[in-house]
Amino acid sequence: MTTDTADLTRLATPPTFQSVSGARKFKNGLATAAVWGAFLVAIVPLVWVLFIVVQRGLPIVVNADWWQKSLNGLLSRQQGGGVYHAIYGTLVQGLVCAVISVPIGLMVGVYLVEYGGRSRLAKATTFMVDILTGVPSIVAALFVYSLWITTFGFGRSGFAVALALVLLMVPVIVRTTEEMLKIVPDELREASYALGIPKWKTIVKIVIPTALSGILTGIMLALARVMGETAPVLVLAAYAPYINYNLFDGPMASLPLLMTTERSNSTAAGFDRIWGAAITLVIIITLFNLLATVVSRVLAPKTK
Amino acid sequence: MAKRIDVKELNLYYGKFHAVQEVSIAVPPRNVTAFIGPSGCGKSTVLRSLNRMHEVAPGARVEGSVQLDGEDIYASSVDPVQVRRTIGMVFQRPNPFPTMSIKDNVVAGLRLAGTKNKKQLDEVAERSLRGANLWNEVKDRLDRPGGGLSGGQQQRLCIARAIAVQPDVLLMDEPCSALDPISTLAIEDLITELKKDFTIVIVTHNMQQAARVSDQTAFFNLNGVGQPGRLIEVDDTEKIFSNPSQKATEDYISGRFG
Ligand SMILES: Nc1ncnc2c1ncn2[C@@H]1O[C@H](COP(=O)(O)OP(=O)(O)O)[C@@H](O)[C@H]1O
Ligand SMILES: [Mg+2]
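Residues numbered from 1 in each chain as written. Chains lettered and ligands numbered in written order. Predicted model: local features only at pLDDT ≥ 70, side-chain atom pairs only at ≥ 80, totals over all residues.

**Some remarks on the overall build of chain A**
Move 1: Across its full length, chain A carries 12 helices and 0 strands.
Move 2: Its helices and strands in sequence order give chain A the pattern α-α-α-α-α-α-α-α-α-α-α-α, from N to C terminus.
Move 3: On C-alpha atoms alone, chain A measures out to a radius of gyration of 28 Å, which is more than a quarter above the 19 Å that the 2.2 N^0.38 rule sets for 304 residues.
Move 4: Over its C-alpha atoms, taken along the principal directions, chain A stretches across nearly 105 × 60 × 40 Å.
Move 5: Burial statistics for chain A: of 304 residues in total, 35% are counted as buried.
Move 6: Within chain A, counting contacts between residues at least 6 apart in sequence, those at least 24 apart form 75% of the total. (Helix = DSSP H or I, 4+ residues; strand = E, 2+ residues; numbered from the N terminus. Rg over C-alpha atoms; globule rule 2.2 N^0.38 Å. Buried ≥ 20, exposed ≤ 12 C-beta atoms within 10 Å, placed from the backbone. Contact = placed C-beta atoms within 7 Å.)

See the structure below:
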């Protein structure tokens, strides 16, 4: 082999680094445009909704009366009054629902991850939870109606609403608990067993605290979600323009119920109440989300 | 107080898989026994059967007996929780409890077993951290999270946590394999010191380490993938490394396989 041919081969090898080809530039541009397009499609309606809610609702709610009075005694076209009766209903129904759902959901989640394994009961439970997750809120409401009101003979009440919300909240909490417990490494459980700590104590003192921040975030988000549910309040509670502290008896307002009720009120006052209630609901849910963030920050395992 | 372990005709299974076959070995008190052998030959499995951690794996089964000072830890009347309190364990990867401070990590075993006396817990924390050669490094930040320590410090924290419950035996599964050489040396020194009070069994991949820290060495091997692991021989460390009686041991130690 002569030096000449060696030189020739060397020249024939392409350089290691080449400039980006036109086709790749084009594909890159296309993908970038598609991603931005999708982003805009997602964000524009969101901002729009928020903007309208704030624009129409904010002037109504920056008013002490809004938070301290009910609509008791006001005519439908009369301006003024407030919605504290509906805020009370929304919060109390949501919290009672949480008080019932959290222990059930938490324990089911713990069972599925820590004890169930691949047993038949665990599989059946997972299947049920899957189904429950997909149940529309109107079906949950009608189920509670037929059981609690038609079969057991109780009246429509805030508590019946809370029961329907429980059906919607439990599967969410089970799922969150499951996911969060699953990411707790088995090494921590083993470290605890190896210290002679029994299994139940390991779960209560080591595993759940490690997963707690995620579980609480899930609970807060689930709570925010069910507080905006409309079907259960429409089916299971009658609207009242006045405050009713009794969860178990009588009509009880809530923000979604107030909004659907006022929809039949075509006056300017009705319009104001709907948008005011809307932004109030958004504010409450935002507060819960913020609380979830703070709680998870505070509880998250730290390294510093 | 340090106790002896006698393993007799131990067979270990994961479901249908026969992982370890017919292991018999005696571990004297105040002594370091090293388990060496190629990956997958069942060293960890045997180690975990010594404090009933084996049965934590789903479907895991044990045949044969393990005696602690003559008492069968697999007798039906024995509570595995009690066994684990008596025979502590340190794992391959440092695993401090992430939600707890350094001090809470150390006293976790005692506190969760019901000790509430704060003074006593403080004393145990200091004694155990000193015992694990970690006290001077962490005494000013006992309330900081354990996860903020370096890998080597975390592993010594785990050792402190294990000795805080005053076990009779300490099992260590490749305690240095995730650590740098300096932390490894620190742990090896510690093992030599702990030997005064504890019976120690250590699994190691590092033959120099086995030679440095152990008094007796057990060599495990397996005939092939899917075959059960077996104990080939166990003898004084010096003898194993200078003049083993089995050909397989010699091949492994001289680096001819594994
Ligand atoms: N939890 C488990 N389930 C099923 N098989 C396992 C489990 N742990 C280990 N094994 C198997 O048991 C054998 C011995 O493993 P191990 O004791 O971890 O070996 P070593 O520690 O010597 O590397 C291997 O074949 C491994 O795949
Ligand atoms: Mg191993």
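**Here we look at the overall build of chain B**
Move 1: Scanning chain B from N- to C-terminus turns up 10 helices and 10 strands.
Move 2: Here the C-alpha atoms of chain B give a radius of gyration of 18 Å, agreeing with the 18 Å that 2.2 N^0.38 yields for 258 residues.
Move 3: Counting only C-alpha atoms, chain B reaches 55 × 45 × 30 Å along its principal axes.

**Overview of the nonpolar core**
Move 1: Ranked by internal contacts, the top residues of the largest apolar core, which has 142 residues, are Ala164(A), Met169(A) and Leu170(B).
Move 2: Examining the composition of this core, we find that 17 residues originate from one element, helix 7 (residues 158–182) of chain A, more than from any other. (Core = buried A, V, L, I, M, F, W, Y, C linked by C-beta atoms within 7 Å.)

**Re the site of ligand 1**
All names here are of chain B.
Move 1: By nearness alone, 13 residues border ligand 1, and Tyr14, Ala19, Lys43, Ser44 and Thr45 come closest of all.
Move 2: Contributions of two or more residues to the shell around ligand 1 are made by strand 2 (17–27) and helix 1 (43–49).
Move 3: Residue classes in the shell around ligand 1 are distributed as 5 nonpolar, 7 polar and 1 charged. (Near = placed C-beta within 6 Å. Nonpolar A, V, L, I, M, F, W, Y, C, P; charged D, E, K, R; others polar.)

**Here's the deal with the sheet that holds strand 9 (residues 216–222) of chain B**
Residues and elements named next belong to chain B.
Move 1: Taken together, the 10 strands give an open sheet; going across it, the order is 5-4-1-2-10-9-3-8-7-6, and neighbouring strands pair in mixed fashion. For this open sheet the edge positions go to strand 5 (71–72) and strand 6 (87–90), each flanked by a neighbour on one side alone.
Move 2: One ladder, built from 8 bridges, connects strand 1 (residues 5–14) with strand 4 (residues 60–68); its direction is antiparallel. Bridged to Asp6 within strand 4 is Gln67. (Pairing = 2+ DSSP bridges.)

**Quick look at the interface of chain A and chain B**
Move 1: Listed as interface residues are 20 residues of chain A and, on the opposing side, 25 residues of chain B.
Move 2: Taken together, the elements giving at least two residues each to the side of chain A that touches chain B come down to helix 8 (186–194) and helix 9 (199–227) of chain A.
Move 3: With 6 residues, helix 8 of chain A is the single largest residue contributor to the side of chain A that touches chain B.
Move 4: Considering only residue class, the side of chain A that touches chain B consists of 10 nonpolar, 4 polar and 6 charged.

**Examining helix 8 of chain A**
Move 1: Within helix 8 of chain A, burial applies to Arg189(A), Ala191(A), Ser192(A), Tyr193(A) and Ala194(A).
Move 2: Contacts made by the buried residues of helix 8 of chain A are with helix 9 of chain A together with helix 2 (80–86) and strand 6 of chain B.

**What about the packing of helix 7 of chain A against helix 9 of chain A?**
All names here are of chain A.
Move 1: Two elements in contact, helix 7 and helix 9, have axes separated by 9 Å at closest approach and are oriented at 150°. Between helix 7 and helix 9, the crossing angle belongs to the class labelled roughly antiparallel. Seen along the crossing, helix 7 lies across helix 9 with a hand that is right-handed. The residues of helix 9 that touch helix 7, namely those facing Leu165, Leu168, Met169, Val172, Ile173, Thr176, Thr177, Met180 and Leu181, are Val207, Ala211, Gly214, Ile215, Gly218, Ile219, Ala222 and Val226.
Move 2: Residue classes in the contact of helix 7 with helix 9 are distributed as 13 nonpolar, 4 polar and no charged. (Axes fitted to C-alpha atoms, helices over the stretch in contact; angles between N-to-C directions. Parallel < 35°, antiparallel > 145°, perpendicular 65-115°, else oblique. Left-handed = near helix turned anticlockwise from the far one by under 90°.)

**As for helix 2 (residues 22–61) of chain A**
Move 1: The terminal C-alpha atoms of helix 2 of chain A, which comprises 40 residues, lie 56 Å apart, in line with the 58 Å expected from a rise of 1.5 Å per residue.
Move 2: With 2 of its 40 residues buried, helix 2 of chain A lies for the most part at the surface. (Expected span 1.5 Å × (residues − 1).)

**Topic: the packing of helix 3 (residues 102–112) of chain B against helix 6 (residues 151–164) of chain B**
Residue and element names in this part refer to chain B.
Move 1: Put simply, helix 3 and helix 6 touch, their axes get as near as 7 Å, and they point 30° apart. With respect to their mutual orientation, helix 3 and helix 6 come out roughly parallel. Considering the relative orientation of helix 3 and helix 6, their crossing is right-handed. In contact with Ile102, Asn105, Val106, Val107, Ala108, Gly109 and Leu110 of helix 3, helix 6 contributes Leu157, Ala160, Arg161 and Ala164.

**Section: the confidence of the model for chain B**
Move 1: Overall, the prediction assigns chain B a mean pLDDT of 93, with 99% of residues at 70 or greater.
Move 2: Here the predicted complex carries an ipTM of 0.92, next to a pTM of 0.86. (pLDDT = per-residue confidence, 0-100.)

**A few points about the environment of Ser49(B)**
Residue and element names in this part refer to chain B.
Move 1: Residue placement: Ser49 occurs in helix 1.
Move 2: On a C-alpha basis, the gap between Ser49 and Ile73 in space is 9.8 Å, while along the polypeptide they are 24 residues apart.
Move 3: Excluding its chain neighbours within four sequence positions, the residues that come into contact with Ser49 are Leu10, Leu12, His54, Val62 and Val66.

**Quick notes on the pairing of strand 4 of chain B**
Residues and elements named next belong to chain B.
Move 1: Note: strand 4 against strand 5, 2 bridges, orientation antiparallel. Note on strand 5: the bridge partner recorded for Leu68 is Glu71.
Move 2: Hairpin geometry of strand 4 and strand 5 is characterised by an intervening segment of 2 residues between the two adjacent antiparallel strands and by a positive phi of about 45° at Asp69.

**What about the pairing of strand 10 (residues 229–236) of chain B?**
All names here are of chain B.
Move 1: Note that strand 2 and strand 10 share 2 bridges and pair parallel. Across the sheet, Val20 pairs through a bridge with Gly229, a residue of strand 10.
Move 2: Hairpin connection between strand 9 and strand 10: a loop of 6 residues separates the two successive antiparallel strands, and Gly226 in this loop has a positive phi of roughly 90°.

**Overview of unusual backbone geometry**
All names here are of chain B.
Move 1: The phi torsion at Glu9 lies on the positive side, around 45°, for a residue other than glycine.
Move 2: For Glu9, the location among the structural elements is in strand 1.
Move 3: On the basis of neighbour counts, which here come to 11 C-beta atoms within 10 Å, the residue Glu9 falls in the exposed class.
Move 4: Although it is not a glycine, Asp69 adopts a positive phi angle of roughly 45°.
Move 5: Here Asp69 shows up in the loop between strand 4 and strand 5.

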